[in-house]
Amino acid sequence: MPKILTDAYRDSTFFVAYNEDKTEGVYLKPLTDTMKGKLRNEAQKEAGADDTQTGAILVRKMIQASVQDWKGFYDVAGVDIPCDKEHIKEICECDSEFTAGLMFRIQNVARIGELEERKN
């Protein structure tokens, strides 16, 4: 039976693990249609008439809005990558495969994530 995101959990944080022991993963907030529309408008304004840029900017903005934190994210030299908007932008520009996988997780957060009970 699928888990469906409902209004009661729209502002919740979910942890999506990248490995079995949960030492690597990402903390995500769901994106409502209202938020996606707002981000789409911002992306269109930023990109001007360039539809290709609009798509790339929208993906970056959606990831920046959803990702609250992560653990176990390292660069190819093994250096820890801090979770902030600039590093997210860099990841979106440099690693499209990882970005696509992260977008899948964001879009399916209620089905594949665990509701995070930690206090903010």
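Model, not experiment: these values are computed from the prediction. The residue count restarts for each chain, going from 1 along the sequence in the order it is written. In keeping with the predicted nature of the model, local features appear solely for residues at pLDDT of at least 70, side-chain atom pairs appear and are counted solely at 80 or more, and the whole-chain, interface and lining totals rest on all residues. Where side-chain values are given, they derive from all heavy atoms of the structure, hydrogens and water being excluded.

*Asks:* Hey, could you run me through the sheet that holds strand S2 (residues 25-28) in this one?
*Replies:* Two pairing modes exist for strands in a sheet, parallel and antiparallel, and in both the strands are linked by backbone hydrogen bonds. A pair of strands is treated as paired once DSSP finds two or more bridges between them. Numbering goes from the N terminus for both helices and strands, where a helix is a DSSP run of H or I of at least four residues and a strand is a run of E of at least two. Overall, antiparallel pairing links the 4 strands, which are arranged S3-S2-S1-S4 in an open sheet. Two strands in the sheet have a free side with no partner beyond their single neighbour: strand S3 (67-71) and strand S4 (114-115). Note that strand S1 (residues 14-17) and S2 share 4 bridges and pair antiparallel. Each residue of the ladder has a partner; that of Val 16, found in S2, is Val 26. Any pair of residues with heavy atoms lying within 4.5 Å of one another is described as a contacting pair. Lines are fitted to the C-alpha atoms to define the axes, a helix being fitted only along its stretch in contact, and any angle between axes, read from their N-to-C directions, falls within 0 to 180 degrees. The strands touched by helix H4 (residues 96-107) are S1, S2 and S3; relative to S2, the strand with the most contacts, the crossing angle is about 45 degrees.

*Asks:* Looking at this model, I keep getting lost on the packing of aromatic side chains. Mind explaining?
*Replies:* Here the distance between the centres and the angle between the planes together describe a pair of aromatic rings. Any Phe, Tyr or Trp ring, taking Trp's six-membered ring, that has another such ring centre within 6.5 Å forms a pair; planes under 30 degrees apart are called stacked, those over 60 apart edge-to-face, and the others tilted. Scanning the model with the defined rule gives 5 aromatic pairs in all. With 5.9 Å between their ring centres and 20 degrees between their planes, Tyr 18 and Phe 98 make a pair best called stacked. Taken together, the residues span a long stretch of sequence, with Tyr 18 in the loop between S1 and S2 and Phe 98 in helix H4 at a distance of 80 residues. The class for Tyr 18 is partly exposed, based on a relative accessible area of 25%. One aromatic cluster is present, built from ring pairs that chain together Tyr 18, Trp 70, Phe 73 and Phe 98. A cation sits over an aromatic face here: Arg 105 above Tyr 18, 4.0 Å from the ring centre. Each residue is assigned to one of three classes by its accessible area relative to the maximum for its type, calculated with a 1.4 Å probe on protein chains only: buried under 20%, partly exposed between the two thresholds, exposed over 50%. Charge over a ring is defined by NZ of Lys or CZ of Arg lying within 6 Å of the ring centre and within 35 degrees of the ring normal.

*Asks:* Whenever I open this one, the packing of helix H1 (residues 33-47) against helix H2 (residues 51-66) confuses me. Can you help?
*Replies:* To characterise two packed helices, one gives the angle between the axes of the helices and the distance between these axes. Packing of H1 against H2 leaves a shortest axis separation of 8 Å and a crossing angle of 135 degrees. By the angle class used here, H1 and H2 are oblique. At the point where H1 passes H2, the crossing takes the right-handed sense. Counting all contacts with H1, which are made through Lys 36, Leu 39, Arg 40, Glu 42, Ala 43, Gln 44, Glu 46 and Ala 47, the residues of H2 involved are Gln 53, Thr 54, Ile 57, Leu 58, Arg 60, Lys 61, Met 62 and Ala 65. Between 65 and 115 degrees an angle is taken as roughly perpendicular, under 35 as roughly parallel, over 145 as roughly antiparallel, and anywhere else as oblique. Crossing handedness: left-handed means the near helix sits turned counterclockwise from the far one by under a right angle, and right-handed means the same turn made clockwise.

*Asks:* Would you explain the pairing of S1 in this entry?
*Replies:* Consecutive side chains along a regular strand alternate between the two faces of the sheet. The pairing of S1 with S4 spans 2 bridges and is classified as antiparallel. The residue of S4 that forms the bridge with Phe 15 is Glu 114.

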